[in-house]
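Report on the structure
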Amino acid sequence: MTKPSGKLSLLEERIDDAYRMLESCRICPRRCGINRIREETGACVLGRNPVVSSFNLHFGEEPPISGYRGSGTIFFTSCNLRCVFCQNYPISQLRHGREVSVRTLADMMLNLQDKGAHNINFVTPTHLVPQIMDALRIAYERGLEIPLVYNTGGYDSLEVLHLLEGIVDIYMPDMKYSDPEMGLKYSGVPNYPQVNKEAIKEMHRQVGDLVMDDKGIAVKGLLVRHLVLPEGIAGTEEVLKFLAEEVSRDTYVSLMRQYFPAYKAVDMPPLDRRITEEEYKEAVELLEKYGLTRGWIQK
Ligand code: SF4
C-alpha cells in the first residue's frame, strides 16, 4: 500500500489531467464528449461537482471489506450504467442525492475514519473520479490513512484506471455479463464484456490478488463480484473461466445470490424472479471446476 504522502504526490501530479478529461468528458467508456466543467451533462447527468446519496459505516459488504468495525461507504449518486434490475435504483437511476463540494467530500472521508472504518469505500465512483481525487488530496493533507476501495460496476476506462494507480488499494469491480447482447439489453452499453475484461486485467496488474491482514481485513488487491442472474443471463461460466485463465486462480470471487427483481426488471421476465437454489448451486460448482477456491459463497 502506497503511504499517504506518496499518494498525495501522485494526486498533485495527476489532478489537472483528470479534470481536463471532464472538459470533453471521457471519464468513462461512454465518452459523451460534453463539457462538465461548464455544467453540460451526458449520460450520467452530473456536471462539475460530486453528488452524494449517503455516507455511513456499512456492515453488509464482504467479510474482508466490512470486517468488525464496518466499511466507510460513500454512495455516489447516478451511474454510467443503466441496469434495468439495479438494486440501488433510487440512487443510481432516480439520482437521489445532494451536490457537495470536494471539501465536504473530504470531510466525509475523515469522519468515517474517525468512526473507526477499516477503509473508505467509494460506491459507484466511475463518473466522479476527478472530483474524488481532488477530495482525496484535501483528505490526505488532513490525515487520511486507511485503505481505499474502488467499488464499481466494472465499466471503467483504462485511461482513468491509470490515473488511480498507486492511489486505490482495493479494486472491487462487478463482472455483470459475458455476452455483449446482455450488456446492451440490460445495462444499456454495447461493449460491456470487452471493456470490463480489460479493466479487470488492469486492476489486477496494479494491485494483484487480495491480501488480508492477520484479522482477515483486506489491505490491498482485487475482489471481483459476480451476481448470479436467472436463466444464465450473467454468463457465469465464461466470467469464471476468464478469471481463472486470464487473471489469476487466486482471484477472490464474491459469488452473489441475492438478486431480486427491482426497478424495471419486475416486468421483464426472466428477470422478474429470484434465482433458484439449483442456479446458485451450478454457479458454485463452476467455481470448483475452474479452481477458484478463494472467495465468498453465500449459504
Ligand atoms: S462520466 Fe458521464 S458524461 Fe462522462 S463519459 Fe461517462 S457517462 Fe458520459
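Note on numbering: residues in each chain are counted from 1, in written sequence order. Note on the predicted model: pLDDT of at least 70 is required for a residue's local features to be given, and 80 or more for side-chain atom pairs to be given and counted; whole-chain, interface and lining totals, by contrast, use all residues. Side-chain numbers come from the whole structure's heavy atoms, not from hydrogens or water.

Summing up its helical and strand segments, the protein has ten helices and ten strands in all. We compute the radius of gyration over the C-alpha atoms and compare it with the globule rule, which gives 2.2 Å times the number of residues raised to the power 0.38. In summary, the protein has a C-alpha radius of gyration of 18 Å against a globular reference of 19 Å for 299 residues, a match within 12%. Each of the three principal axes of the protein carries a C-alpha extent, and together these read 50 × 45 × 30 Å. Across the protein, the fraction of contacts at a sequence separation of at least 24, relative to all contacts at a separation of at least 6, is 71%. In this description, accessible areas are obtained by the Shrake-Rupley approach with a 1.4 Å probe, and a residue is regarded as covered only by the protein chains that are shown. Of the roughly 12,400 Å² of accessible surface on the protein, 48% is carried by carbon and sulfur atoms. Computed over 36 positive and 41 negative side-chain charges, the inter-centroid distance for the protein is 3 Å. Helix and strand definitions follow DSSP, with helices as H or I runs of at least four residues and strands as E runs of at least two, each counted in order from the N terminus. We call two residues contacting when some pair of their heavy atoms lies within 4.5 Å. Charged residues are defined narrowly, with Lys and Arg counted positive, Asp and Glu counted negative, and His plus the chain ends left uncounted. Where a charge sits is defined by one atom per residue type, namely NZ (Lys), CZ (Arg), CG (Asp) or CD (Glu).

For the rest of this paragraph, the subject is the pattern of salt bridges. We define a salt bridge as a side-chain nitrogen of Lys or Arg found within 4 Å of a carboxyl oxygen belonging to Asp or Glu. For the coordinates displayed, the defined rule picks out 18 salt bridges. With a closest N to O distance of 2.6 Å, Asp169 and Lys7 form a salt bridge. Residue Asp169 is located in the loop between α6 (158-163) and β6 (170-173), and its partner Lys7 is located in helix α1 (residues 4-23); the two are separated by 162 residues in the primary sequence. Each member of the pair, Asp169 as well as Lys7, is classed as buried. A salt bridge links Glu231 to Arg273, with the shortest nitrogen-to-oxygen separation between them at 3.1 Å. Separated by 42 residues along the polypeptide, Glu231 in the loop between β8 (218-227) and α9 (236-247) and Arg273 in the loop between β9 (252-256) and α10 (277-289) bring together distant segments of the chain. Relative accessible area decides the class of each residue, using a 1.4 Å probe on protein chains only: under 20% of the type maximum gives buried, over 50% gives exposed, and in between gives partly exposed. Owing to a relative accessible area of 26%, Arg273 belongs among the partly exposed residues under this scheme.

Let us now look at the site of the ligand. Close contacts around the ligand come from Cys25, Ile27, Cys28, Arg30, Arg31, Cys32, Ile34, Arg36, Gly42, Ala43, Cys44 and His127, and that covers them all. Three categories are distinguished: nonpolar for Ala, Val, Leu, Ile, Met, Phe, Trp, Tyr, Cys and Pro, charged for Asp, Glu, Lys and Arg, and polar for the others, with Gly belonging to the last. A breakdown of the residues in the shell around the ligand according to their chemical character gives seven nonpolar, two polar and three charged. Residues are labelled near a given molecule or strand when at least one of their non-hydrogen atoms is within 4 Å of it.

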